[in-house]
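# Chains, contacts and geometry: an overview
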Amino acid sequence: MSTRTLIRGGLVVTAADEVHADVLVDDGRIAALAAHGTTVAEGWTADRVIDATGKYVLPGGVDAHTHMELPFGGTFASDTFETGTRAAAWGGTTTIVDFAVQTRGRALREGLDAWYAKADGKCAIDYAFHMILSDVNESSLKEMDLLVEEGVTSFKLFMAYPGVFYSDDGQILRAMQRSASNGGLIMMHAENGIAIDVLVEQALARGETDPRYHGEVRKVLLEAEATHRAIQLARVAGAPLYVVHVSAEEAVAELAAARDKGLPVFGETCPQYLFLSTDNLAEPDFEGAKYVCSTPLRPREHQAALWRGLRTDDLQVVSTDHCPFCFTGQKDLGRGDFSKIPNGLPGVENRMDLLHQAVVDGHISRRRWIDIACAAPARMFGLYPKKGTIAPGADADVVVYDPHAVQTISADTHHMNVDYSAYEGRTVTGQVETVLSRGEVVVDRRTWTGRAGHGLYTPRSTCQYLN
Ligand code: DUC
Ligand code: ZN
Ligand code: ZN
């Protein structure tokens, strides 16, 4: 028997509209919206009523870039699909798109099946996959077509990490040509990894081993150069391009120039680049290791360009690149050699709140918040309007958000399986109160009511900005 839930009295905010409306949820989907006070006249009945008076009613967040259990640098990202998706839900995110990984010399199929198995029956919220291509060859190129058919419609390539994930320009061009014909979207890690590895070696030889040197060798110019090169390769291939974790002003300028030419080029940034900086990487006593990720944190002057890019739509999406490693036992693999610090930051639980703080601070509007965190990632990766909005027929992934609650972010209270918070002690205004995933309440007035296995694998269509 289906459960009907009425979410009453709130301000419904989507990327397109803000309306004072009651929301009726039936059988896991949004059934209807009606002006406050009209639902009785409309004859709406419900098994459960959620009072959202004075609150926002938002589509659940879509985090299009997470790495649960990613093997990296001799260890594994510390959140499993179970802990990571639970933490996501606590933070108002109801869909993640994680990255399945192809092992070098092995088939895409094998990697994808391994990720299906890791996530199966574990997730608290819905999930989908991108595929990391670590070995572009005739056989993996053919497999790309099958994956697109199957609902894995985006492929991450790396211009960084030689010997691990790296693809050369010829491999990148071939993968882009393939995506131009099969409808897939290439996601690019744009950093010149060959040049970076030279600078890493030289820095270590000079005795520069602290975490802050991670930021110094991974130069802005090497992000900008790779971004430019990726755009030109995509133009040659006639393929669309999505650049992940953009951190440098000069890289945003490359994206803006491409978009001004009308090219199908898209960009993502992450909360860590908007709220943190090289000041964090320079924290003493190896604390800077907590902030080692790639692309790296930049001097704080870059933040203004990222916010501007989000306002002008030169950047479309904010994802987390959630890839947590504990400070004790994982990050400290790189004591005495910054290049051995596992790369990645936790953040899947913090994204919606940090971006709401950006609304409070005047960087973005309320509707833009929902666009970059919910609607645009859903459209970019073929999940809209099932995900990313509140409209009749959409999945009832809904967040009741208290815009006035004040909270202090801390590892003591977060739900991610990691022993530190990148935002420790930061006070933000706004907090998730209640979360529904396909109509099921998973967070009820800040009490956990979800369960591992509720979340379903969600195949995706192709990028919806292209047709
Ligand atoms: N960057 C990170 O910080 N972690 C995982 C992979 C990546 O590209
Ligand atoms: Zn990357
Ligand atoms: Zn990543």
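Data block above holds the structure.
Just so you know, these numbers come straight off a predicted model, no measurement behind them.

The subject of this paragraph is the coordination of the zinc ion (ligand 2). When four donors bind a metal tetrahedrally, each ideal donor-metal-donor angle is 109.5 degrees, and when six bind octahedrally, the ideal angles are 90 or 180 degrees. Protein coordination at the zinc ion (ligand 2) comes from K156 (NZ), H189 (ND1) and H245 (NE2), with a distance range of 2.1 to 2.2 Å. Relative to the metal, the four donor atoms surrounding the zinc ion (ligand 2) lie at angles of 85 to 125 degrees, and the coordination shape comes out tetrahedral. Look at where the donors of the zinc ion (ligand 2) fall in the sequence and you get K-x32-H-x55-H. Here the zinc ion (ligand 2) and the zinc ion (ligand 3) are spaced 4.0 Å apart. You can see K156 sitting in strand β12 (residues 154–158) and its partner H245 sitting in the loop between β14 (241–243) and α8 (249–260), a full 89 residues away along the chain. Residues K156 and H245 agree in their burial class; the two are buried.

What follows concerns the coordination of the zinc ion (ligand 3). The zinc ion (ligand 3) binds to the protein through H65 (NE2), H67 (NE2) and D321 (OD), with metal-donor distances spanning 2.0 to 2.2 Å. The exposure class assigned to H65 is buried, which follows from its relative accessible area of 0%.

This part covers the pattern of salt bridges. This model, assessed by the stated rule, comprises 26 salt bridges. The residue D145 makes a salt bridge to R178 at a minimum N-O spacing of 2.8 Å. Pair noted here: D145 is in helix α3 (residues 138–150) and R178 is in helix α4 (residues 169–182), with a separation of 33 residues, a long-range link. Residue D145 is classed as partly exposed on the basis of its relative accessible area, which comes to 26%. We classify R178 as partly exposed; its relative accessible area is 23%.

Let's shift gears to the sheet that holds strand β7 (residues 61–66). On the basis of which strands lie adjacent, the open sheet formed by eight strands has the order β7-β10-β11-β12-β13-β14-β15-β16 and parallel pairing. The open sheet terminates on both sides in strands that have one partner only, identified here as β7 and β16 (317–318). Along the sheet, helix α2 (residues 108–119) makes contact with β10 (93–101) and β11 (126–132), crossing β11 at roughly 155 degrees.

Okay, the packing of helix α7 (residues 220–237) against α8 next. How two helices sit against one another is set out by the angle between their axes and by the gap between those axes. Contact pair α7 / α8: the axes reach a minimum separation of 8 Å and the direction vectors enclose 20 degrees. Taken together, the axes of α7 and α8 are roughly parallel relative to one another. Crossing of α7 over α8 shows right-handed handedness. Two secondary-structure elements touch here, α7 through V220, E223, A224, T227, H228 and I231 and α8 through E250, A251, E254, L255 and A258. In terms of residue class, the contact of α7 with α8 is made up of six nonpolar, two polar and three charged.

The subject of this paragraph is the packing of aromatic side chains. Scanning the entire structure with this criterion turns up 18 aromatic pairs. Ring geometry for F81 against F129: centres 6.2 Å apart, planes inclined by 85 degrees, an arrangement best described as edge-to-face. Separated by 48 residues along the polypeptide, F81 in helix α1 (residues 81–90) and F129 in strand β11 bring together distant segments of the chain. The pair formed by F81 and F129 is uniform in burial state, with each residue classed as buried. Their ring planes at 50 degrees and their centres at 5.7 Å tell us that F158 and Y161 sit as a pair that is tilted. Through pairs of rings, three or more aromatic residues link up here, namely F72, F158, Y161, F165 and F325.

Cut-offs applied
Residues numbered from 1 in each chain as written. Chains lettered and ligands numbered in written order. Predicted model: local features only at pLDDT ≥ 70, side-chain atom pairs only at ≥ 80, totals over all residues. Heavy atoms only, no water. Donors = N, O, S within 2.8 Å, 3.2 Å for Na, K, Ca; no water. Tetrahedral: all angles 85-135°; square planar, octahedral: opposite > 155°, others 65-115°. Helix = DSSP H or I, 4+ residues; strand = E, 2+ residues; numbered from the N terminus. Buried < 20%, exposed > 50% of the residue type's maximum accessible area, 1.4 Å probe, protein only. Salt bridge = Lys/Arg side-chain N within 4 Å of Asp/Glu carboxyl O. Pairing = 2+ DSSP bridges. Contact = heavy atoms within 4.5 Å. Axes fitted to C-alpha atoms, helices over the stretch in contact; angles between N-to-C directions. Parallel < 35°, antiparallel > 145°, perpendicular 65-115°, else oblique. Left-handed = near helix turned anticlockwise from the far one by under 90°. Nonpolar A, V, L, I, M, F, W, Y, C, P; charged D, E, K, R; others polar. Phe/Tyr/Trp six-rings, centres within 6.5 Å; stacked < 30°, edge-to-face > 60°.

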